[in-house]
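# Structural overview for review
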Amino acid sequence: AVLVAGLARLPTLKKLDLSNNRIGDQGLQALVGLVNCCNIEDLSFARNVLAVSVSGLRSLGEIVQRATRLKSLNLRSNAINDEGLQALADGMTTRCSLTKLDLAYNHSITAVGLRSLAPFFRSDNCCLDELGLWGINFVDDGAAALADGLMGNESLTKLYFTLFSSYGLAMTARGWAAFSKLLCDTASVNNTYLSNHTLVAIGECSMDGT
């Protein structure tokens, strides 16, 4: 709360990095007030404990809704689970200016959570260009959930994830087939026309293109 009061005097602040802290639900609720007085474009909460409850993710979703200039959000390693991702996705679907979202190393996210992103991907508000999902063990089911959700999306160009999970599992032909159908559904000429023509990178890459 003290930090928010101080930052309110810095209307030109563009980037705020709160990584490696212990910002919990109350901290996130206090930070909601920050977006009413700042023009933050790049926000990082990497490696915090903010996702111990769904209410914290709802507050974060509210921040995303209100911060109309917010372009980049880093949520790496926050123990976000499927229910938490759903709460965040609900907020993003309503209104969102994000072009880059990093959810890497939230190991509890499964295909169920990834499926909750579908309404966001398909909303008119979605302008997301890059999505980072390294270290999430979603394999084939997660690939299918992502591919289904991205049907009709016209903004995402880069989708990054780990090809081999920490449990030694790897995406099989079934998972890649889901992406193949997303990019070029040959069932009919119309399906081919309506396939995703936006994605240019899928798989084990970095957010900076290396």
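As a reminder, the structure under discussion sits directly above these lines.
What counts and how
Sequence order as written defines residue numbering, which begins from 1 separately in each chain. Where totals are concerned, whole chains, interfaces and linings use all residues; where local detail is concerned, this predicted model gives features only for residues with pLDDT of at least 70, and gives and counts side-chain atom pairs only at 80 or more. Hydrogens and water are ignored here; the side-chain numbers use all heavy atoms of the structure. Segments assigned H or I by DSSP are reported as helices when at least four residues long, segments assigned E as strands when at least two residues long, and all are numbered from the N terminus. The buried label goes to any residue with under 20% of its type's maximum accessible area, the exposed label to any with over 50%, and the partly exposed label to all in between, with areas taken from a 1.4 Å probe on protein chains only. The definition of a polar contact used here is a pair of N or O atoms within 3.5 Å, where within protein one atom must be able to donate a hydrogen and the other to accept one, and adjacent residues in sequence count solely through side-chain atom pairs. Residue contacts are defined here by distance: any two heavy atoms, one from each residue, within 4.5 Å place the two residues in contact. Here, expected helix span is obtained from the residue count minus one, scaled by 1.5 Å. Salt bridges, as used here, are contacts in which a Lys or Arg side-chain nitrogen is within 4 Å of a carboxyl oxygen on Asp or Glu. In this description, strands pair whenever DSSP reports at least two bridges between them. Where helices are involved, their axes are fitted lines through C-alpha atoms of the stretch in contact, as for all axes, and angles between N-to-C directions lie from 0 to 180°. In this text, buried Ala, Val, Leu, Ile, Met, Phe, Trp, Tyr and Cys residues form a nonpolar core when linked through side-chain atoms within 4.5 Å.

### Notes on the side chain of Asn48
Among the structural elements, Asn48 can be located in the loop between strand E2 (42–44) and helix H3 (54–66). You can call Asn48 buried: its relative accessible area is 5%. Within the structure, Asn48 has its side chain in polar contact with the backbone oxygen of Leu18 (distance 2.9 Å). Discounting chain neighbours no more than four positions away, the residues touching Asn48 are Leu18, Ser19, Asn20, Asn21, Arg22, Ile23, Ser77 and Asn78.

### Some details on helix H4 (residues 82–94)
The α-helix advances 3.6 residues per turn, and as a result positions three or four apart in sequence lie on the same side. With 13 residues, H4 extends 19 Å from end C-alpha to end C-alpha; this agrees with the ideal 18 Å at 1.5 Å per step. Along H4, the residues classified as buried are Asp82, Gly84, Leu85, Ala87, Leu88, Ala89, Gly91 and Met92. Each element contacted by the buried residues of H4 is listed here: H3, strand E4 (100–102), helix H5 (111–115) and helix H6 (118–122). Measuring from the side-chain oxygen of the N-cap residue of H4 to the backbone nitrogen of Glu83 gives 3.2 Å; that N-cap residue is Asn81.

### As for the pattern of salt bridges
In this structure the tally under the stated criterion is six salt bridges. For the salt bridge of Lys14 with Glu41, the shortest nitrogen-to-oxygen distance reads 3.5 Å. Taken together, the positions of Lys14 in the loop between helix H1 (2–7) and strand E1 (15–17) and Glu41 in the loop between helix H2 (25–31) and E2 put the pair 27 residues apart, joining distant regions of the chain. Judged by its relative accessible area of 31%, Glu41 falls in the partly exposed class. For Arg76, the salt bridge is made with Asp102, and the minimal N-O distance between the two is 2.6 Å. Remark: Asp102 occurs in strand E4 and Arg76 occurs in the loop between strand E3 (72–74) and H4; sequence separation between them is 26 residues.

### What about the sheet that holds E3?
In space, the seven strands of this open sheet follow the order E1-E2-E3-E4-E5-E6-E7, with parallel pairing throughout. Pairing within the sheet leaves two strands with one partner each, and these edge strands are E1 and strand E7 (201–203). When the angles between neighbouring strand axes are averaged without regard to direction, this sheet yields 5°.

### Looking at unusual backbone geometry
Although it is not a glycine, Ser77 sits at a positive phi angle of roughly 55°. By the element assignment, Ser77 lies in the loop between E3 and H4. A relative accessible area of 29% means that Ser77 is categorised as partly exposed. Positioned with a positive phi, Val139 is a non-glycine residue whose angle comes to about 35°. Within the fold, Val139 resides in helix H7 (residues 139–149). You can call Val139 partly exposed: its relative accessible area is 22%.

### Concerning the nonpolar core
Among the nonpolar cores identified, the biggest contains 59 residues, and Phe45, Leu133 and Leu159 are the most heavily contacted of them. Residues contacting Leu133, with those up to four places away along its chain left out, are Leu103, Ala104, Leu114, Phe138, Leu146, Leu159, Tyr160, Phe161 and Thr162.

Nothing here speaks to function; it is geometry throughout.
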